[in-house]
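Fold and contact review
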Amino acid sequence: FQYYDKAVLQNKEGDWYIRDRKLNIFAAIDFAFSLRKKADYSAVVVIGCDHQGNYYVLDIDRFKTDRIVEYYDHILRAWQKWGFRKLRAEVTVAQQTIVKELKESYLKQNGISLSIDEFRPTRSLGDKEERVSTILEPKYDNLQIWHYKGGNCQSLEEELVMAHPPHDDIKDALANAIAISIIPKQRFSSFSLGSNVVTHSRFGGVSF
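These numbers were taken from a predicted model, which means no experiment stands behind them.

What counts, and at which threshold
- Residues numbered from 1 in each chain as written.
- Predicted model: local features only at pLDDT ≥ 70, side-chain atom pairs only at ≥ 80, totals over all residues.
- Heavy atoms only, no water.
- Helix = DSSP H or I, 4+ residues; strand = E, 2+ residues; numbered from the N terminus.
- Buried < 20%, exposed > 50% of the residue type's maximum accessible area, 1.4 Å probe, protein only.
- Contact = heavy atoms within 4.5 Å.
- Areas by Shrake-Rupley, 256 points an atom, 1.4 Å probe, with all protein chains shown as cover.
- Salt bridge = Lys/Arg side-chain N within 4 Å of Asp/Glu carboxyl O.
- Axes fitted to C-alpha atoms, helices over the stretch in contact; angles between N-to-C directions.
- Parallel < 35°, antiparallel > 145°, perpendicular 65-115°, else oblique.
- Left-handed = near helix turned anticlockwise from the far one by under 90°.
- Nonpolar A, V, L, I, M, F, W, Y, C, P; charged D, E, K, R; others polar.
- Expected span 1.5 Å × (residues − 1).

**Some remarks on the overall build of the chain**
Counting its secondary structure elements, the chain contains five helices and eight strands. Start at the N end of the chain and walk to the C end: the helices and strands fall as β-β-β-β-β-α-β-α-β-α-β-α-α. Per-residue burial over the chain gives 50% buried out of 208 residues. When contacts within the chain are restricted to residue pairs at least 6 apart in sequence, long-range pairs at least 24 apart make up 69% of them. Entry remark: accessible area of the chain is about 10700 Å², with carbon and sulfur atoms responsible for 47%.

**A word on the pattern of salt bridges**
Under the counting rule described, the total for this entry stands at nine salt bridges. For Arg62, the salt bridge goes to Glu159, with nearest N and O atoms at 3.5 Å. Of this pair, Arg62 sits in strand 5 (residues 55–63) while Glu159 sits in helix 4 (residues 152–161), placing them 97 residues apart in sequence. Assessed through its relative accessible area of 3%, Glu159 is described here as buried. Because the salt bridges share partners, they merge into one network encompassing Arg62, Glu159 and Asp169.

**Looking at the packing of helix 1 (residues 68–82) against helix 2 (residues 93–107)**
Contact geometry for helix 1 and helix 2: axes closest at 10 Å, N-to-C directions at 70°. By the angle between their axes, helix 1 is roughly perpendicular relative to helix 2. As for how helix 1 packs across helix 2, the hand of that crossing is right-handed. Along its contact with helix 1, which presents Ile68, Val69, Tyr71, Tyr72 and Ile75, the element helix 2 presents Ile98, Glu101, Leu102, Tyr106 and Leu107. Residues that form the contact of helix 1 with helix 2 fall into these classes: nine nonpolar, no polar and one charged.

**Thoughts on helix 1**
Between its first and last C-alpha atoms helix 1 spans 21 Å; for 15 residues at 1.5 Å apiece the expected length is 21 Å, and the two agree. Considered for burial, the residues of helix 1 that qualify are Tyr71, Tyr72, His74, Ile75, Leu76, Ala78 and Trp82. Gly83 sits one or two residues past helix 1 and shows a positive phi near 70°.

Just geometry here; none of it tells us what the structure is for.
In structure tokens form, the structure reads like this:
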């Protein structure tokens, strides 16, 4: 994997930059598989992308809940910090009820200008593992994804390298956030992120 230093992130007049590169910010939520118990994790992942097609994992919030108000609280905190305008949520029949409630009873009622993109995968896209791999593996192979060190990024890396991880909520949310991202049009001068290359057996990557 390859890493960036969070110290180079800056917010200038409401826009996020990594050094001199403006980032477009997107997010996704992966709901717990079971909504009847707190055994399963949910995750909110926030990413930024620059004009060269690099994707930076900015924030990972992983939690357990069975209450819609707590989903809202976690989404709200991420939105207030990062200012993304679109959040993707992969929905089943049960999860569609949660998204509807979030939109009508929480976001709209509180004047939150956040669009929730409801994603209903079809059979033609393959199973979840195939969909996630199709999005993530080429970008890791091309060294386009950057992690921060520590925190929940460590859990993400465990999900990525294990053949059958006990949880896959973070990498699922990461894939969905990347899927809706739009690369900025405006170009800024480039900068060097490092040169100490270390390959990874499955995903490839560098570290510095």
